[in-house]
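A look at the structure
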Amino acid sequence: FRLRSLEGDMELSQVLLEAQSANTNIRNEGEQKLKQLENANLAQFFLSLVKELGNERAEMNCRHLAGLYLKNLISGRESATSYEKRERWQNFIDENAREEIKKLSLLALSSPTAPHAAAQFVSKLGAIELALNRWPELLDHLIQTIQTEHTTDATKTLIFETLGYLCDEMDESSISKENTNKILTAIVGGLQEDMANPIRFAAGTALLNSLVFARHNFQVEAERNIIMQHICGATKSNYAQLRAVAFESLARIASLYYEQLPPYMNVIFELTISSIKSDTDDVAMMAIEFWSTLCEEEIELMDDQEEASYKCVHYVQQAAAHILDVILQTLNRQDEHGDADAWNIASAGAVCLSLIAQAIRDHIVAPVLIYVEKNILAQDWRNREAALMAFGQILDGPKQDALMNPVEKALPLFIQSLNDAHLLVKDTAAWTIARICEFFAHLLPAQLLQMLCESLLAVLQDTARVAAQACYAVHNLAMNCENADQQQTTNKLSQFFQPLLTQLLAATERVDFHEHNLRGQAYEAVNMLIQNHALDSRPIVLEVLKHILQKLHQSFSTQILSQSDRDERDQLQGMLCSVIQVIIRGVTPKEIFQYADHIVMLVLQVLKNNNPLASEEAFLAIGALATSIEKDFDKYMQNFAQFLIHGLKNYADWQVCNAAVGTTGDLCRALEVNFQPYCDSIVQCLLEDLQNPELNRQVKPNILSCFGDIALAINGHFTKYLDVTLQMLEQAGMTEVPIDDEEMIEYLNVLREGILEAYTGIVQGLKDGKQIQLLININSPAIPKIFHFLERIARDVNDHPNSVDDSILEHAIGLIGDLADITPRGPASDLFKSSCCLVLLRTKKDTQIFEYAKSKIDVNHI
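Numbering of residues starts from 1 in every chain and runs along the sequence as written. Reporting of local features is limited, given that this is a predicted model, to residues whose pLDDT is at least 70; pairs of side-chain atoms are given and counted only at 80 or more, and all residues count toward the totals for whole chains, interfaces and linings. Calculated side-chain values reflect all of the structure's heavy atoms, with hydrogen atoms and water omitted.

Each helix is a run of H or I in the DSSP string that is no shorter than four residues. Each strand is a run of E no shorter than two, and both are numbered from the N terminus. For the protein, the helix and strand inventory stands at 42 helices and two strands. Radius of gyration (C-alpha) of the protein: 31 Å, near the 29 Å computed for a compact globule of 862 residues. Here the C-alpha coordinates of the protein stretch approximately 85 × 80 × 65 Å along the principal axes. Remark: exposure states derive from per-residue accessible area (1.4 Å probe, protein chains only) relative to the maximum for the residue type, with buried under 20%, exposed over 50%, and partly exposed in between. Burial status across the protein gives 55% buried among its 862 residues. Note on definitions: a residue-residue contact is assigned when non-hydrogen atoms from the two residues lie within 4.5 Å. Considering only contacts within the protein whose residues lie at least 6 apart along the sequence, 73% involve residues at least 24 apart. For the radius of gyration, the atoms used are the C-alpha atoms, and the globule rule reads 2.2 Å times the number of residues raised to 0.38.

Dropping the structure here:
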């Protein structure tokens, strides 16, 4: 078949190949042609691609590319993009075309030579259609194809892959109990020992992805036994990939069906211990994953004992004597030449050990200390490194009293290990010391603290890998001063403040600063030191500010010969702006005022470069400065406003847009009514942001809150924006999300908090500006609409109390008090006696916010 484009006839196969060409010009041209075909006739384009996918005479590469393009037509990496593409599939392709596409996709999947991309496309399409009850025959077709006698092993494997992808794509609510039974029956058939290993592996992967749907099956003993029998059997297969996915399935079951584990734990214990001891690393790591998952489940159950529907059985504690020994043995199976962040059996064992410490707490201390004492001075570097790793991993879990004495005794040895001949030992010694600083720095005696700081000064000059860990240690030391009085004359790090800062700043300029993120780690430690400095270190902080401003000035003269040079400069400028921000927030307005002109000049120059990372930090620095010097920032607004507008319009780099929104709020609080001349263009930008589907949704709650900041700043001048703002808030307030989607529930809470902050700011701003009549006018629907929004929150409090955050309740009750204060006695008084108010007020009874709201209601409406 041939397709017609703007340039005449062309083969789809050829265009697909062009779109994957290594030649940039050819690739761009091919992608453009495909986009033209997509835009010209979407349904025809789908049909042409699906025919290419099933065309056994076409090159395999072309068929694979057709499948990938089909998959990308109906899904995207971002959830918002996937939603838009699903909507397009449903609304812009007629029913006949959709049916033909589904029919052809199944034919392509059944082809003996079908590419893997066919499984990916059919699963994506199936997830969309099954959720809408529009492709009921799909599962029957897949299962019948598997069970047909003459189906090749290759096709069976591909069908199981499709089922696996499909289960991974679908929501638990999208698949019926009947269909779950069909899928599990087919999968169990694929796991039979007489099946070829690739089929068993594909079936095992499908089972892993389908476990989330099998809740009712796990409640039936006979069905549960069959599933567990086949999974446990698969752990003994001669095919390593199948063993690994079987152990991964056991880990998934530990998470999903913890309460169903008792009959199987003895068998699982034997299987996992044996695998960890003697299997290949990839399989053993999955066996370790079972115990890590079990730990996580038991930690959560112990933390939420009152809310949990079943009790913690403490499997990990019961097995600790055996499992600890096996896990500790994995720590000396390091990959000497691997990357520092590589995932291997030693790192899997280390993470598991950390989780065991949190699960069994004080019980882990004695056996691990025996292991550490035995190995810390061993001849073999692997044993020394393992001992250090073991100690570092158990610091979070046991009570501090149980570890304080071991820490004091071991720390000198660990400091000595910083000079070990082997790099990995030094690296882990520095990391373990950093962990000690995180949990015990505030308890260390002065002599040990001095020894520690002096050793860190030396280690900051070691290799980049070890120096980066030393930066982490300094960061944690400084963080332990976080809760101290910011105005105290001195603190425990004051005597080390200048030498530590000097070495950290020197580390940022080393030739190897790019290795192991040394420069980034050093600047983070600098920021934490400055953030928590005492008054006797203030002159040093101001000297550092001069140094940082000089470095930022010099960065604009950096020679740029490549994109790498540009990226490096932009990254540095972002880090320098971050330090400037921290210093501004850590010193007084009087101290920072003399540097304000220089700071603004340099930061605006950073914004001119329009780099996302640097721009985000630049906006935060400007916000900090405005917060500090308040109305004195007004003289910079004329020059800064254009950059703020540009940031607010930066939809592609949402973090920059978000930072610009935050800076807008800072400016409102700093300038108050002086911000009014800039509001027309800024409000317009904010409204456009809310309406732009391409802008990341995380920014939108902050934008809503920003309207409250603007209203508070300009008071009565906000009336010109009132109608459009209230309309926008009403629309946002109608947002609903699935009650079983934790991520979306969290987003809804943040969104509602932004709406409540906006309403509160508007009410208070109009009241201060003596324009409140616009809200409470008898003909205005504003107050009833606000209460309609509050009713939605109250409904969720009644129906799903755990889904509503405390901060939402506090903001809602505060808003009720503000509304009661401005609303005259009359018809509106009934709103304050409604069930909505009663439900919300009851959640915070006997709190200050409750007393405030109740007093306003009692005075004005009872």
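With that settled, consider the pattern of salt bridges. We count a salt bridge whenever a side-chain nitrogen from Lys or Arg sits within 4 Å of a carboxyl oxygen from Asp or Glu. Using the criterion set out here, one finds 37 salt bridges in the structure. Among the ionic pairs, E29 bridges to K33, the shortest N-O distance being 3.6 Å. Linking E29 with K33, this pair stays in helix α2 (residues 24-40), spanning four residues, or about one helical turn. With a relative accessible area of 39%, E29 lands in the partly exposed category. When the shortest N-O distance is used, the salt bridge between E743 and R697 registers 3.1 Å. Here E743 is found in helix α37 (residues 742-768), whereas its partner R697 is found in the loop between α34 (679-691) and α35 (700-714), with 46 residues between them in sequence. Judged by its relative accessible area of 53%, E743 falls in the exposed class. Connected through salt bridges with shared partners, the residues E736, R752, R792, R795 and D796 form a single ionic network.

So, on to the packing of helix α40 (residues 806-822) against helix α41 (residues 835-842). Their axes nearest at 9 Å, the elements α40 and α41 cross at an angle of 130°. If you check the angle between α40 and α41, you find them oblique. Of the two possible hands of crossing, α40 and α41 adopt the one that is left-handed. Contacts between α40 and α41 pair L809, A812, I813 and I816 from the former with C837, L840 and L841 from the latter. Of the residues belonging to the contact of α40 with α41, the class tally is seven nonpolar, no polar and no charged. Axes, fitted as lines to C-alpha atoms, cover a helix only where it is in contact. Angles between the N-to-C directions of the axes lie from 0 to 180 degrees. Should an angle lie under 35 degrees it is considered roughly parallel, over 145 roughly antiparallel, and from 65 to 115 roughly perpendicular; all remaining angles are considered oblique. Crossing chirality is assigned from the near helix's rotation relative to the far helix, an anticlockwise turn below a right angle marking it left-handed and a clockwise turn marking it right-handed. The residue classification treats Ala, Val, Leu, Ile, Met, Phe, Trp, Tyr, Cys and Pro as nonpolar and Asp, Glu, Lys and Arg as charged. All others, Gly included, are polar.

Each residue after the first adds 1.5 Å to the expected span of a helix. Look at helix α20 (residues 381-393): 18 Å from first C-alpha to last across 13 residues, which is about the 18 Å you get at 1.5 Å a residue. Of all the 13 residues making up α20, 12 are buried; the element is thus mostly covered by neighbouring parts of the structure. Taken together, the buried positions of α20 are W381, N383, R384, E385, A386, A387, L388, M389, A390, F391, G392 and Q393. Elements that come into contact with the buried residues of α20 comprise α17 (315-330), α18 (345-360), α19 (365-375), α21 (400-417) and α22 (423-440).

Moving on, we come to the side chain of S354. You can see S354 is positioned in helix α18. Residues contacting S354, with those up to four places away along its chain left out, are Q393, D396 and R435.

Attention now goes to the nonpolar core. Grouped together as the largest cluster of nonpolar side chains are 317 residues, with contacts concentrated most on W291, F633, F640 and L840. Contact partners of F640, with chain neighbours within four places excluded, come to L604, L607, F619, I622, F633, T663 and L667. The definition of a nonpolar core used throughout is a set of buried Ala, Val, Leu, Ile, Met, Phe, Trp, Tyr and Cys residues joined through side-chain atoms within 4.5 Å.

Every definition here rests on a 1 Å grid over the protein atoms only: cavities are sets of points where a 1.4 Å probe fits but cannot get out, pockets are open sets enclosed by protein on both sides within 12 Å along at least five of seven lines, and lining residues have some atom within 4 Å of a point. Grid points are joined across faces, edges and corners, and a volume is the space filled by probe spheres set on the points. Estimated volume of the second largest pocket: approximately 720 Å³. For the second largest pocket, the lining is made up of 29 residues, of which A340, D341, M389, D427 and R465 are closest to its centre. Looking at the lining of the second largest pocket, the elements with two or more residues in it are α18, α20, α22 and α24 (464-479). Grouping the amino acids of the lining of the second largest pocket by side-chain chemistry returns 12 nonpolar, 10 polar and seven charged.

Attention shifts here to the packing of aromatic side chains. Within 6.5 Å between ring centres, the rings of Phe, Tyr and Trp (the latter by its six-membered ring) count as paired, and their orientation is classed by plane angle as stacked under 30 degrees, edge-to-face over 60, tilted in between. All chains considered together, the criterion is met by 16 aromatic pairs. A network of ring pairs unites the aromatic residues F619, F633, Y636 and F640 as a single cluster. Note on criteria: charge over ring means Lys NZ or Arg CZ within 6 Å of the ring centre, with the direction from the centre no more than 35 degrees off the ring normal. In this structure, R697 is placed above the aromatic ring of Y747, and the distance from its NZ or CZ to the ring centre is 5.0 Å.

Turning our eyes to something else, we now look at the state of the cysteines. Pairs of cysteine sulfur atoms within 2.5 Å are identified as disulfides in what follows. For the coordinates displayed, the defined rule picks out zero disulfides. Unpaired in terms of disulfides, C836 finds its nearest cysteine sulfur in C837, a separation of 4.9 Å.

With that settled, the discussion passes to helix α8 (residues 137-147). If you check which residues of α8 are buried, you get L138, L139, L142, I143, T145 and I146. One side of α8 carries all its buried residues, which in axial view fall inside an arc of 155°. Exposed residues pointing more than 90 degrees away from the buried face of α8 are listed as Q144 and Q147. Each element contacted by the buried residues of α8 is listed here: α6 (95-109), α7 (116-131), α9 (153-169) and α10 (177-190). Arc definition: it is the arc formed by the directions from the helix axis to the C-beta atoms.

Moving on to a negative patch on the surface. Taken together, E300, D304, E306, E307, E742, E746 and D805 make up a surface patch of like negative charges. Here E307 is to be found in the loop between α16 (281-303) and α17. You can call E307 exposed: its relative accessible area is 65%. Candidate patch residues must exceed 30% relative accessible area and have no salt bridge, after which like charges are joined if within 9 Å and Val, Leu, Ile, Met, Phe, Trp or Tyr side chains if within 5 Å. Per-residue and other accessible areas were derived by the Shrake-Rupley procedure at a 1.4 Å probe size, with only the shown protein chains allowed to occlude residues. Residues scored as charged are limited to Lys and Arg (positive) and Asp and Glu (negative), so that His and the chain ends carry no count. Charged groups are reduced to one reference atom each: NZ for lysine, CZ for arginine, CG for aspartic acid, CD for glutamic acid.

Between helix α30 (residues 596-609) and helix α31 (residues 612-629), the shortest axis-to-axis distance is 9 Å and the interhelical angle comes to 155°. Our classification of the angle between α30 and α31 gives roughly antiparallel. In this structure, α30 crosses over α31, and the sense of that crossing is left-handed. When α30 is examined against α31, the residues A596, I599, V600, V603, V606 and L607 are found in contact with a partner set consisting of A614, S615, A618, F619, I622, L625 and I629.

Positive phi is not limited to glycine here, since E630 has a value of about 50°. For E630, the location among the structural elements is in the loop between α31 and α32 (637-648). Positive phi, normally seen in glycine, also occurs at N715, with a value near 50°. For N715, the location among the structural elements is in the loop between α35 and α36 (719-733).

Right, let's get into the environment of A468. Note on placement: A468 falls in helix α24. Sequence spacing of A468 and L456 is 12 residues, and the spatial spacing of their C-alpha atoms is 11 Å. Residue contacts for A468: discarding those within four places in its chain leaves H516, L518 and Q521.

Before going further, it helps to examine the environment of R27. Here R27 shows up in helix α2. Since its relative accessible area comes to 25%, R27 is described here as partly exposed. In this structure, R27 is in contact with E18, A19, Q20, S21 and A22, ignoring residues within four places of it in sequence. Between N or O atoms, a polar contact is any pair within 3.5 Å; within protein, one atom must be a potential hydrogen donor and the other a potential acceptor, and residues adjacent in sequence are included only when both atoms are from side chains. From its side chain, R27 meets the backbone oxygen of S21 in a polar contact 2.9 Å long.

Relative to the helices and strands, I857 is located in helix α42 (residues 848-861). Sequence spacing of I857 and L819 is 38 residues, and the spatial spacing of their C-alpha atoms is 8.9 Å.

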